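Structure at a glance
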Amino acid sequence: MKIGFKTGPNNWGEGKDIVRKHRANMCEMWFRVDRAKDYDYKFRWLKKAGVEVGLHYWGMCKNNFKPNIATNNRAIRSETLEQIKKTIDIGKEINCVYVNIHPGAQVSEKLSFNPIQQTPVWSDKTPPEESEKLCLSALKELNEYALQRDVLLLVETICRGEKRAGDRGDFYEPGNLRLGIIEEAAKSGINIANDLAHTATWAKSEGEDAYDEMKNVLNNFIKKTKERTKLLHVNTVSKPFNGTDSHDGVTPEDEKMRVFPFRDQLLDILSMFKDRKDVFAVLEPRTNMEGNYLSLVSMVDKL
């Protein structure tokens, strides 16, 4: 298992420091493909430093719509497929280690960046069964496209709920593709990214009762998808447990907040994958990337 950190336009300086100070040799790039040229320097710098790069696809579709492969809105779905294929092509050019994508939702959403804000368009909703079929069809098409270019495509588990902006109390459920669809994709040969916090948000319990259910949800998902898992987003989530994520980390300070997964479960999960050379473990904390990177390295070294 190779440990990496998340970087992108908003924390590029910190990412470079992690490479310089701690000799990190893998990162995942938050990659907005509709502004691909903005990343040329970053890719050159990382290549020179000997850092492997995974691409986490982001973008914006026409009229400020969020990309979505699971919608029957043809314009949004078509543009999303085009953007992901472009990301795969760029991944081939830079010799990336993977391209990671999201599976989409039933409801279309408006999107803005810096800061990220999302607005559901409830009038543009795809029926659940159709949305799931569209997602699986898109994943098959994209996986075949990636295989032809020798690029590893991953589909990531996403949260049950979406924040409109930074306030976790202001959220909605747009019909994000459920864990069962990711499991079905894995059975069909699609490789996956398991975001530990995202996966846990599919538990429906709240308060103290949520801890046991989140543990069960996460363990059951791992059992069904372990062989096809190529990436772990080692994130934790704190209260309130309402289906949204908090992008907490794995430091002692996070542990004091009783984030999930608890440290003992994190160690159990990491131990399942530590000898897998085909698996990456990447952190995405909202703050203190360097401290979290060092904490994860320490945890894995002790396994």
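Worth saying up front: this structure is predicted, and the values here are computed from it rather than measured.

Sheets are built from strands that pair by backbone hydrogen bonding, the pairs being arranged parallel or antiparallel. Around the barrel, eight strands lie side by side as β1-β2-β3-β4-β7-β10-β11-β12; this closed barrel has parallel pairing. Between one strand axis and the next, the sheet turns by 30° as a mean value, whatever way the strands run. The pairing of strand β3 (residues 52-58) with strand β4 (residues 98-101) spans three bridges and is classified as parallel. Across the sheet, the residue bridging to G54 is Y98, located in β4. Contacting β2 (26-32) and β3, helix α2 (residues 40-48) crosses the sheet at an angle of about 170° to β2.

Here we come to the packing of aromatic side chains. Tallying each qualifying case throughout the model produces 13 aromatic pairs. Aromatic side chains F31 and F43 sit 5.8 Å apart centroid to centroid with 45° between the ring planes, which places their arrangement in the tilted category. Taken together, the residues span a long stretch of sequence, with F31 in strand β2 and F43 in helix α2 at a distance of 12 residues. Each of the two residues, F31 as well as F43, counts as buried. When the ring of W122 is compared with that of Y172, the centres are 6.1 Å apart and the planes differ by 85°; the resulting orientation is edge-to-face. Taken together, the residues span a long stretch of sequence, with W122 in strand β6 (residues 117-125) and Y172 in strand β9 (residues 171-172) at a distance of 50 residues. The cationic tip of K42 hangs over the ring face of Y39; the distance from NZ or CZ to the ring centre is 5.7 Å.

What counts and what doesn't
- Residues numbered from 1 in each chain as written.
- Predicted model: local features only at pLDDT ≥ 70, side-chain atom pairs only at ≥ 80, totals over all residues.
- Heavy atoms only, no water.
- Pairing = 2+ DSSP bridges.
- Helix = DSSP H or I, 4+ residues; strand = E, 2+ residues; numbered from the N terminus.
- Axes fitted to C-alpha atoms, helices over the stretch in contact; angles between N-to-C directions.
- Contact = heavy atoms within 4.5 Å.
- Phe/Tyr/Trp six-rings, centres within 6.5 Å; stacked < 30°, edge-to-face > 60°.
- Buried < 20%, exposed > 50% of the residue type's maximum accessible area, 1.4 Å probe, protein only.
- Lys NZ or Arg CZ within 6 Å of the ring centre and 35° of its normal.

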